[in-house]
Amino acid sequence: MSILSEVLPEKILELLKDYLDRIEETTDYFKTAIKLLDEIRVGEARKKLSDSMRKEEEADRIKKKIFDLLEEARIDPAVKEQLFYMIGRIDDIADWFKEAARELIIIPYLEIPQAIRDGLEKLVNISVEAASKTIEAYRRVLEGDSDVKELIDNVDELEEEADMVNLENRGKLLEYSDEIKPLTLAILLHDYNRDLEEATDACQNASDFLRALIVAWKRR
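In this text the structure is predicted, and so the values were computed from the model without any measurement.

Caption draft 1: Structural detail: the overall build of the protein chain. The helix and strand inventory of the protein chain stands at six helices and zero strands. Reading the protein chain from its N end, one meets helices and strands in the order α-α-α-α-α-α. Expected size for 220 residues packed as a compact globule is a radius of gyration near 17 Å; at 19 Å, the protein chain falls within 12% of this value. In terms of overall dimensions, the protein chain has C-alpha extents of about 60 × 30 × 25 Å along its principal axes. Here the protein chain holds 220 residues, and the buried ones make up 50% of them. Relative to all contacts within the protein chain whose residues are 6 or more apart in sequence, the contacts with residues 24 or more apart total 83%.

Caption draft 2: Fine view of the pattern of salt bridges. This structure, assessed with the given rule, holds 29 salt bridges. Here arginine 41 and glutamate 44 are joined by a salt bridge, their closest N and O atoms 2.8 Å apart. With relative accessibility at 34%, the residue arginine 41 sits in the partly exposed group. Within this structure, Arg22, Glu25, Lys47, Asp51, Arg54, Lys55 and Glu58 form a network of salt bridges that share partners.

Caption draft 3: Fine view of the side chain of arginine 89. Looking at the secondary structure, you find arginine 89 in helix α3 (residues 77-106). If sequence neighbours within four positions are ignored, arginine 89 has contacts with Ala202, Asn205 and Ala206.

Caption draft 4: View of the packing of aromatic side chains. Within this structure, the stated rule accounts for four aromatic pairs. Consider the rings of phenylalanine 30 and phenylalanine 97, whose centres lie 5.7 Å apart with planes at 70°: the pair is edge-to-face. Remark: phenylalanine 97 occurs in helix α3 and phenylalanine 30 occurs in helix α1 (residues 10-38); sequence separation between them is 67 residues. Residue phenylalanine 30 is classed as buried on the basis of its relative accessible area, which comes to 0%. A ring pair is formed by tyrosine 85 and phenylalanine 209, whose centres lie 4.9 Å apart and whose planes are at 55°; its orientation type is tilted. Linking tyrosine 85 in helix α3 with phenylalanine 209 in helix α6 (residues 183-218), this pair joins segments that are 124 residues apart in sequence.

Caption draft 5: Main features of unusual backbone geometry. Of the consecutive residues lysine 181 and proline 182, the connecting peptide bond is found in the cis state with omega at -5°. When you line up the elements, proline 182 lands in the loop between α5 (149-175) and α6. For isoleucine 40, which is not a glycine, the phi torsion comes out positive at approximately 60°. Note on isoleucine 40: relative accessible area 61%, which makes it exposed.

Caption draft 6: Structural view of the environment of lysine 80. Assignment of secondary structure puts lysine 80 in helix α3. Sequence separation between lysine 80 and phenylalanine 67 is 13 residues, and the spatial gap between their C-alpha atoms is 9.9 Å. Excluding anything up to four places from it in sequence, lysine 80 contacts Leu70, Glu71, Ala73 and Ile75.

Caption draft 7: Expanded view of the nonpolar core. The biggest cluster of nonpolar side chains holds 72 residues, and the ones touching the most others in it are Leu4, Leu8, Phe30, Ile66, Met86 and Tyr192. Looking at this core, the elements with two or more residues in it are α1, α2 (42-72), α3, α4 (114-142), α5 and α6. Sequence-distant contacts of leucine 8, defined by excluding residues within four places in its chain, comprise Leu13, Leu16, Leu70, Ile75 and Leu83.

Caption draft 8: Structural detail: a negative patch on the surface. Negative charge collects at one region of the surface, where Asp147, Glu150, Glu157, Glu160 and Asp163 lie side by side. According to the relative accessible area criterion, glutamate 150 is exposed, its value standing at 62%.

Caption draft 9: View of the packing of α1 against α4. Closest axis-to-axis distance for the α1/α4 pair is 10 Å, and the angle between their directions is 165°. Taken together, the axes of α1 and α4 lie roughly antiparallel to each other. Crossing handedness for the pair α1 and α4: left-handed. Contact with α1, carried on its side by Leu13, Leu16, Lys17, Leu20, Asp21, Ile23, Glu24, Thr27, Phe30, Lys31, Ile34 and Asp38, involves Arg117, Glu121, Val124, Asn125, Val128, Ala131, Ser132, Ile135, Tyr138, Arg139 and Leu142 of α4 and no other residues of that element.

Conventions and cut-offs
- Residues numbered from 1 in each chain as written.
- Predicted model: local features only at pLDDT ≥ 70, side-chain atom pairs only at ≥ 80, totals over all residues.
- Heavy atoms only, no water.
- Helix = DSSP H or I, 4+ residues; strand = E, 2+ residues; numbered from the N terminus.
- Rg over C-alpha atoms; globule rule 2.2 N^0.38 Å.
- Buried < 20%, exposed > 50% of the residue type's maximum accessible area, 1.4 Å probe, protein only.
- Contact = heavy atoms within 4.5 Å.
- Salt bridge = Lys/Arg side-chain N within 4 Å of Asp/Glu carboxyl O.
- Phe/Tyr/Trp six-rings, centres within 6.5 Å; stacked < 30°, edge-to-face > 60°.
- Core = buried A, V, L, I, M, F, W, Y, C linked by side-chain atoms within 4.5 Å.
- Patch = residues over 30% accessible without salt bridge, like charges linked within 9 Å, V, L, I, M, F, W, Y side chains within 5 Å.
- Areas by Shrake-Rupley, 256 points an atom, 1.4 Å probe, with all protein chains shown as cover.
- Lys, Arg positive; Asp, Glu negative; His and termini not counted.
- Charge placed at Lys NZ, Arg CZ, Asp CG, Glu CD.
- Axes fitted to C-alpha atoms, helices over the stretch in contact; angles between N-to-C directions.
- Parallel < 35°, antiparallel > 145°, perpendicular 65-115°, else oblique.
- Left-handed = near helix turned anticlockwise from the far one by under 90°.

Below is the structure:
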């Protein structure tokens, strides 16, 4: 039995699974857009970025339904507060990917120096992998498997790697500043880099909270 199924109605559990699906689609579409940009398929890439943002909006609508049902559910107030917080941490992941998509959709990506693009794409891969492992951990818990320590530890490792790549990318923005015109493009790239790093931080926060939730429930 899932630690969540002990306290949550089936309807909320099913909505949580749908919610996780939409978050994953948000990140998958985003990563596909990067691949299309590298293949100089700009129109298709922008469509995928739009799709990514649309999936985040769908996730947000599902989140509101979950919140409405949680407010009405007869659950211990302390547990209910934990669940609201948990969903908020997952939501942060999608929010940061949506911000990254917004930045990328207006950035002339193919005009960015290759070294900077390489660094940004490295950070994309890290952030998407961290999101994938976080979502998998939550899915497994919903399905009754609380043995997700390895996944959560992997997310922690990815967050540390993201911190290093983030710093490297900021250094590259300085190193290649003469090749980045106009100045507003450098600002957009800085913000985009930050969004990706924040997305990975959000994954760590969500997975660490899941770890704490599992420990608390095992002590009951």
